[in-house]
Amino acid sequence: MGAGFGAVSVVVVCRAVDADAVTPVPQLLAFLPWLLAPTAAGLLLALFARWRAGMVWGAVLLAVTGWFTQPYGTGSEPGGAVVAEVRVLTANVEFGEGTGALIPVVRRERPDLVFVEECEYHCEDALATAFDGVYPYREAVPGAGSEGSVILSRFPLEGTDGIRGSTMGMPGAVADLGSGHSVRVQLAHPMPPIPGQVGLWRKELGALHDFAAENPTHTPTILAGDFNASQDHAAFRRLLDTGLRDSARLAGAARTPSWPSRTAPTAGAQIDHVLVSGEFSASGARFLGIADSDHRALVVDLALHQRERAR
């Protein structure tokens, strides 16, 4: 019991002090809510054993862990009239293997913007063939395996630099929604926090933070993809602290797991996100199974609101 409480305590303390620390803490932080189960079991054992220190230790751990399962970040609705509506879909197709299953999902859901991670050469070609004329605009970083990524759009796109120097492709653009409304759109796919790569994962999430924070024209922003991070990672919370909000939380699905698909939605972590700036409201967030992929796709309906004038 003591060893188990000790392991959970290390993870919870790191969460409390906003530190992702080193392996295995970042990996365990992704599944922080699931640590409630072994902690509760340990508390019951302490009760049966009449281990008073263990009872107090377990009760405190259970309370603190439970507190941290609350959604992070702001969830208020923006003011101003709705000026545009956008349906967004993001999906990691696992080295392109899930492309065939993604295509009918896109046809059924009819998103306006599609972000596809791990879209290698064959995936990109298949999407171009399947949606010729449906999504006339696209920005892509071609690549093999997990390196390729693509953004498909019904709206005109003006390509940007995206996130340069990343291990996996992260294209970006400015989308013209019409009537003078432009939106920054950026695909997210930093390295996962695997042992030996935690520093790189933190660096690439930092690059996404810099993109979100550096917005001199205050253009509305959509940042979507596989972040390989949940709200229990300090690096991801810093990204939200720029003012971006998680659309799944806004739509009431803050803790719905997206990975791994073989255990979701029963168990897993939400590491696939659509983050939006404060001009957006969100509704109808749904996580959908994609055969042959270890991720579930996320579809969310966004409404862009007219920015209120300062008084």
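Residues numbered from 1 in each chain as written. Predicted model: local features only at pLDDT ≥ 70, side-chain atom pairs only at ≥ 80, totals over all residues. Heavy atoms only, no water.

**Concerning helix α5 (residues 99–109)**
Of the positions making up α5, those classed as buried are Thr-99, Leu-102, Ile-103, Val-105, Val-106 and Glu-109. Buried residues along α5 sit in contact with β1 (82–92), β2 (113–117), α6 (121–130), β11 (280–288) and β12 (297–305). Phi turns positive, to about 50°, at Arg-110, one or two residues after α5. (Buried < 20%, exposed > 50% of the residue type's maximum accessible area, 1.4 Å probe, protein only. Helix = DSSP H or I, 4+ residues; strand = E, 2+ residues; numbered from the N terminus. Contact = heavy atoms within 4.5 Å.)

**So, the sheet that holds β1**
Taken together, 6 strands build an open sheet; the order of strands is β3-β4-β2-β1-β12-β11 and the sheet is mixed. A strand with exactly one partner marks an edge of an open sheet, and here the two such strands are β3 (137–141) and β11. Neighbouring strand axes in the sheet, compared pairwise and without regard to direction, differ in orientation by 15° on average. Bridging between β2 and strand β4 (residues 149–153) involves 5 bridges; their strand directions are antiparallel. The partner of Val-114 across the bridge, within β4, is Leu-152. Together, β1, β2, β11 and β12 form the strand contacts of α5, whose direction differs from that of β1 by roughly 165°. Helix-sheet contacts for α6 involve β2, β3 and β4, and the interaxial angle to β3 is about 175°. (Pairing = 2+ DSSP bridges. Axes fitted to C-alpha atoms, helices over the stretch in contact; angles between N-to-C directions.)

**Looking at the sheet that holds strand β8 (residues 221–226)**
Spatially, 6 strands are ordered β5-β6-β7-β8-β10-β9 in an open sheet, and the strand pairing comes out mixed. Strand pairing shows two members of the sheet lacking a second neighbour, β5 (157–159) and β9 (245–246), which therefore form its edges. Judged from the 6 bridges that link them, strand β6 (residues 172–178) and strand β7 (residues 181–188) form a sheet pairing that is antiparallel. Across the sheet, residue Ala-175 finds its bridge partner in β7, namely Val-183.

**Notes on the state of the cysteines**
One pass over the structure, following the stated rule, counts 1 disulfide. In this model, Cys-119 is linked to Cys-123 through a disulfide, with the two sulfur atoms separated by 2.1 Å. Because the torsion about its S-S bond is -95°, the bridge between Cys-119 and Cys-123 counts as left-handed. An identical accessibility class is assigned to Cys-119 and Cys-123; each is buried. (Disulfide = S-S within 2.5 Å.)

**Some details on helix α3 (residues 36–49)**
Helix length check: α3, at 14 residues, gives a terminal C-alpha distance of 20 Å against a target of 20 Å (1.5 Å per residue), a fit within 8%. Trailing α3 by a residue or two, Arg-50 shows a phi angle of about 55°, which is positive. (Expected span 1.5 Å × (residues − 1).)

**What to know about the side chain of His-295**
Tracing the sequence through the fold places His-295 in the loop between β11 and β12. A relative accessible area of 4% means that His-295 is categorised as buried. A polar contact is formed between the side chain of His-295 and the side chain of Asp-226, at a distance of 3.5 Å. Once residues within four sequence positions are removed from consideration, His-295 is found in contact with Asn-92, Asp-226, Ser-258, Trp-259, Ser-261, Ile-271, Asp-272 and Ile-290. (Polar contact = N/O pair within 3.5 Å; in protein donor to acceptor, adjacent residues only side chain to side chain.)

**Regarding the packing of α5 against α6**
Relative orientation and spacing of two packed helices are given, respectively, by the angle between their axes and the distance between those axes. It is the contact of α5 with α6, at a shortest axis distance of 10 Å, that shows an interaxial angle of 30°. The angle between the axes of α5 and α6 places the two elements in the roughly parallel class. For the pair α5 and α6, the sense of crossing is right-handed. For the pair α5 and α6, contact is made by Thr-99, Ile-103 and Arg-107 and by Cys-123, Ala-126, Leu-127 and Ala-130, respectively. Considered class by class, the residues forming the contact of α5 with α6 number 5 nonpolar, 1 polar and 1 charged. (Parallel < 35°, antiparallel > 145°, perpendicular 65-115°, else oblique. Left-handed = near helix turned anticlockwise from the far one by under 90°. Nonpolar A, V, L, I, M, F, W, Y, C, P; charged D, E, K, R; others polar.)

**Some words on the pattern of salt bridges**
Evaluation of the coordinates by the stated rule reveals 10 salt bridges. Of the charged contacts in the structure, one is a salt bridge between Asp-301 and Arg-87, with a shortest N-O distance of 2.6 Å. Of this pair, Asp-301 sits in strand β12 while Arg-87 is found in strand β1, placing the two residues 214 residues apart along the sequence. The exposure class of Asp-301 is partly exposed, given its relative accessible area of 22%. Assessed through its relative accessible area of 23%, Arg-87 is described here as partly exposed. (Salt bridge = Lys/Arg side-chain N within 4 Å of Asp/Glu carboxyl O.)

**A word on the packing of aromatic side chains**
For the structure on display, the rule yields 6 aromatic pairs. Ring geometry for Phe-131 against Tyr-135: centres 5.5 Å apart, planes inclined by 80°, an arrangement best described as edge-to-face. One exposure class covers both Phe-131 and Tyr-135, and it is buried. Where Phe-227 meets Phe-236, the ring centres are 5.6 Å apart and the plane angle is 80°; that geometry is what we call edge-to-face. (Phe/Tyr/Trp six-rings, centres within 6.5 Å; stacked < 30°, edge-to-face > 60°.)

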